[in-house]
Structure formats: C-alpha cells, structure tokens
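Working through the structure, step by step
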Amino acid sequence: MRGVTLPTETVFVMEMAPIKFGLGATDEIGYDARRMGLGRVLIFTDRHIVELGLPERIKGLLGEQGIKAEVFDGVEVEPTDRSMEEAAAVTRGTEVDGYIAVGGGSTIDTCKAVNLLTTHPAPLLDYINKPVGKGVPVPGPLRPLIAVPTTAGTGSETTAVAVTHVIDQNVKAGVAHRLLRPALGVVDPLNTLTVPPEVTAAAGADILTHAIESYTTRPYNARPKHHPPDRPAYIGANPASDIWCEKAIEYVGRYLRRAVLNGNDLEARVHLALAANYAGIGFGNAGVHIPHAVAYPIAGLVRDYVPSGYRTRHPLIPPGMSVILTAPSTFRFTYATAPERHRRAAELMGYPVASLSHGEQSEALPRALISLMQDVGIPNGLMAVGYGESDVTELIAGTLKQPRLLAGAPRSVGSAELDWILRDAMQYW
C-alpha cells in the first residue's frame, strides 16, 4: 500500500486523562500529587465550594505529604474570557509546580485556561478557535493539572477543551488542544452528593447530549485525510468512542431520574459520575455537533432567564440545559443519516423502540429525550428560557461561528437547516 493516497481518514486517535475513580478517591490526592512530583500547588475553586469545605480538606491532605498549597476561589460560574484573563493575571506571580481544580466544568476549564496563559503568555483570544479567535495552537507542554469534579456533567476532567463566553462577541467558544488535558482526574462520587436537583438535571443532560452527539457525529473515516500534526482532537465517531458513549447513554437513562429525585441515592450518583467520565472520553475524541454549536449562542445571548438551583442572580442558561433544548429537533433532522444509531440511543435510554411501528421509529430518540426532560424538570424548549421566533436569525448567526463543531454534523447544515431546527425546538409539549 506504500505510495497509495487515500482520500478519506483511515486513522483515529484515542486519548484521555488518567482517571482515579471511586468513593473516597479524594483521600488519596496527597499521594497522587507527590507521585507526580508536585511540591507547591495552587487549588482553583469557587466560593460556594469553599463554603462546603472541600478545598481546605484537600489542602490538608496535600500538607500531610509535605506539599504546600494555596487556594484561589475567584472562579466564576460560567466563566468569560475576561474572568479567565483576570484569574491568570491574579495568579501569574504564584510559584507553583502544578494546579488542582476543585469544582464543576467552570472551575476545571478556568484552571486549564490559566495553566495555558501563565505557561505560554498570550491573549486568550489568540488560542480560542476560529473564527471567534485566532486558533493559535498550544505552543508546548503545560504544568500538571489534577481535576477533581464536584458535578457529574461536563467530563472536563478528561477532555482537551476549555469553554468560555467571549463577552465582546456575545458568544461561547473554546480552546481545544490535546495538551490541555488534565494530568489526572480524581472522580469521587461523594463530592457530588450536595449538588441540588436542578443542577443534577442540567449536568445529566450535558452527559447525555455529549454521548448522543458523539455517537451520531460524522464518522472518522468519512472525513478528509489529515496530516498528523493537523489531525483535530475531535476526529469523528469511531469504534472506541462508541463503546464509551453507549455506556454513558445507558447510565443516564437509568439513573438521572433517581439522582434528581433523591440526591443521596449513592448508586445513582456513582453511575452518573461514571457516565460523565465515559461521555467525556467519548466526545473528547469523537466530538460533538449541532446541539453544542447551537448551545453556544443560546447561552451567550441569554436575556433574563435565571435557573433555580444555581447560586446566581444573573441571567444564565446552564450548559447541559442549553444543549438538550435543541437535541430532540436535531435528532429528528439527523435520523436519516444513521437510523440504527438513533434507535439504539433511544433503546439505551430505556425507550420501548420495539413497540413502535416502522413509521414511528424516527421519533423514538426525540420522544425519549422529551420524556426525560419532562421528568427531571428541563424547560419546555427555547420559548421557556426566553427566546422566540424573532431570535432565530441571531441564534443562527451565532451558531455559524462554530465551524469546528458543525463540521461534525452527520449531514450538511447551514442557515436553512438551522432555521428549521430552532423553530422546531421552540416548544415540545
């Protein structure tokens, strides 16, 4: 085969952060930090997590191993490019060997960004993906980062992306590069027991859409051949990512309702933490597509919606909520590209696909998603979070700024297709 030029990709890469998982895994963080050669670390967190006492507990565990630690608690929930730049400026003079991020996706993503900006100083917009930013590659290795998630949602403890709200452009965007991955993820389901029901629901919706988007994204071998240095982190659906995504879908379908109903259901919490990590591994390699591309302007253009359960008075549409709001309409649109995968995703969620007629099976996945949304309290479409028909044009414009994500759509999508998806997502029941 030497000398033969193949037009499509034949290689996929499977990368992930090392993970330590289990009840009480946090107790071993001093050992892990010492094993990684860390002598002085900066703990990143937010004020709410500080009130719960977890950062101080981790600081004490590090101290038992002779590791010096300071705590930075200025992380913003749903960070902006400005808050990330400010966090980097405040912490730039701190001499550290590495970082520990204790919190949800906002904290872990902020810590990734600070690690990048303090190791290779440049404006954050230089690194943010085109066309929002310049898309400059990460120049070289970063300091070790240990991620300790306190929610089961983003899977940021294993992914190579950091997402932020770019204020001047009123849109969400991200930095994506393999060197952003944490050096270790410490996933302890006990750290999620205090998460309120509404946050549990939105975070679980994030897991689910990560997994289903990755499962239905354009396959790696249906994409152009890449020169190795240019191969993107999101390479497309592949046999390895499919395994992680299927298990994540199954666990969310089985356990999310239970965790929302009873936050102390330890079995449910354990399986949602596993699902978040599995989905992170899946989408961290395969990638996501339309729901996430549309979610960025949905979150970025929010006017007055304030979710219950979140410690904020500011308008906010949480990530998991913003992605699942258009998921039923998106998977109506993409069904024809891989009917068997859409039906399989619905089956994994526990939906009785076999009882449907052939003509009804295209609705199996949208119905499964809508049923879950109703049961866990997700708002009824875009109208329920303040959007209307008059906002469609602006939402489309924001979505088209996400070519990195739209490239994964399993069928061609432009303004006309997005118009249909958004209008279909205004109200579901």
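Relevant structure appears above.
What you see is a predicted model; the values in this text were computed from it and never measured. (Residues numbered from 1 in each chain as written. Predicted model: local features only at pLDDT ≥ 70, side-chain atom pairs only at ≥ 80, totals over all residues. Heavy atoms only, no water.)

**Considerations on helix H8 (residues 239-261)**
Selection rule: The secondary structure listing takes helices from DSSP runs of H or I that are at least 4 residues long and strands from runs of E that are at least 2 residues long, numbered from the N terminus. Given the number of residues in a helix, its expected span is that number minus one, multiplied by 1.5 Å. A residue's bend is the angle separating two fitted axes: one through the seven residues that end there, the other through the seven that start there. Here a polar contact is recorded for every N or O atom pair within 3.5 Å, except that within protein the pair must consist of a potential hydrogen donor and a potential acceptor, and residues adjacent in sequence are included only if both atoms are side-chain atoms.
Given a rise of 1.5 Å per residue, 23 residues ought to cover 33 Å, and the 34 Å separating the end C-alpha atoms of H8 matches this to within 8%. Tyr-255 marks where H8 bends most, by close to 45°. N-capping of H8 is provided by Asn-238, with a side-chain oxygen placed 3.1 Å from the backbone N of Ala-240.

**A word on the layout of surface pockets**
One way to see where empty space is left: roll a probe the size of a water molecule over the atoms. Spelled out, the test is: Grid points spaced at 1 Å and placed over the protein atoms alone form the basis of the search, with a cavity being a set where a 1.4 Å probe fits but cannot get out and a pocket an open set showing protein on both sides within 12 Å along at least five of seven lines. Lining residues have an atom within 4 Å of a point. Grid points are joined across faces, edges and corners, and a volume is the space filled by probe spheres set on the points. Only Asp, Glu, Lys and Arg are considered charged, only Ala, Val, Leu, Ile, Met, Phe, Trp, Tyr, Cys and Pro nonpolar, and every remaining residue, Gly among them, polar.
Of the voids in this model, the second largest pocket is the one considered here, and its volume is about 840 Å³. Lining the second largest pocket we find 30 residues, and of these Ala-176, Asp-230, Arg-231, Pro-232 and Ala-233 sit closest to its centre. For the lining of the second largest pocket, the secondary structure elements donating two or more residues are strand S7 (171-176), helix H9 (266-286) and helix H16 (403-406). The residue makeup of the lining of the second largest pocket, split by class, is 15 nonpolar, six polar and nine charged.

**Let's talk about the nonpolar core**
The cut-off we apply is this: Take the buried Ala, Val, Leu, Ile, Met, Phe, Trp, Tyr and Cys residues and link them wherever side-chain atoms come within 4.5 Å; each set so joined is a nonpolar core. Think of it in three bands: residues with accessible area under 20% of the maximum for their type are buried, residues over 50% are exposed, and the middle band is partly exposed, with areas taken using a 1.4 Å probe on protein chains only. The contact criterion used throughout is that any non-hydrogen atoms of two residues lie within 4.5 Å.
With 106 residues, the main nonpolar core has Phe-44, Ile-212, Ile-249, Ile-290, Met-349, Leu-369 and Tyr-387 as its most contacted residues. Among all residues touching Ile-212, those that are not within four sequence positions of it are Ile-249, Phe-331, Ala-345, Met-349, Leu-365 and Leu-369. With 19 residues, the next largest nonpolar core counts Ile-29, Leu-38, Ile-43 and Ile-67 among its residues.

**Things to note about the packing of helix H15 (residues 392-399) against helix H17 (residues 415-424)**
As a reminder of what qualifies: Fitted lines through C-alpha atoms give the axes, limited to the stretch in contact for helices. The angle between two N-to-C directions lies from 0 to 180 degrees. An angle counts as roughly parallel when it lies under 35 degrees, as roughly antiparallel when it exceeds 145, as roughly perpendicular when it falls between 65 and 115, and as oblique in every other case. Less than a right angle of anticlockwise turn of the near helix away from the far helix marks a crossing as left-handed, whereas a clockwise turn marks it as right-handed.
It is at 10 Å that the axes of H15 and H17 come closest, and there the two elements cross at 125°. Here H17 runs oblique to H15, going by the angle between their axes. Read as a crossing pair, H15 and H17 show a hand that is right-handed. Residues Val-392, Leu-395, Ile-396 and Thr-399 of H15 pack against Ser-415, Leu-418, Asp-419, Leu-422 and Arg-423 of H17.

**Points about the side chain of Thr-26**
Position of Thr-26 relative to the elements: it lies in the loop between strand S1 (19-21) and helix H1 (29-35). When its relative accessible area of 0% is taken as the criterion, Thr-26 is described as buried. Of the polar contacts made by the side chain of Thr-26, one reaches the side chain of Asp-188; its length is 2.9 Å. Not counting residues within four places of it along the chain, the set of residues in contact with Thr-26 comprises Leu-54, Arg-57, Ile-58, Leu-61, Val-186, Asp-188 and Asn-191.

**Re the environment of Ile-324**
Among the structural elements, Ile-324 can be located in helix H11 (residues 319-324). A residue is classified by how much of its surface remains accessible, and Ile-324, at 1% relative accessible area, is buried. The sequence separation of Ile-324 and Pro-189 amounts to 135 residues, and the corresponding C-alpha distance is 23 Å. With residues near it in sequence (within four places) discarded, Ile-324 still touches Ala-205, Thr-209, Leu-369, Met-373 and Ile-378.

**Here we look at the packing of H8 against H9**
Here H8 crosses H9 at 150°, and the two axes come no closer than 8 Å. In terms of axis orientation, H8 runs roughly antiparallel to H9. Relative to H9, the crossing made by H8 is left-handed. Of H9, the residues touching H8 (which contributes Ser-241, Trp-244, Cys-245, Lys-247, Ala-248, Tyr-251, Val-252, Tyr-255, Leu-256, Arg-258 and Ala-259) are Glu-267, Ala-268, Arg-269, His-271, Leu-272, Leu-274, Ala-275, Tyr-278, Ala-279, Ile-281, Gly-282 and Ala-286. Residues that form the contact of H8 with H9 fall into these classes: 16 nonpolar, three polar and four charged.

Taken by themselves, the reported measurements are silent on function.
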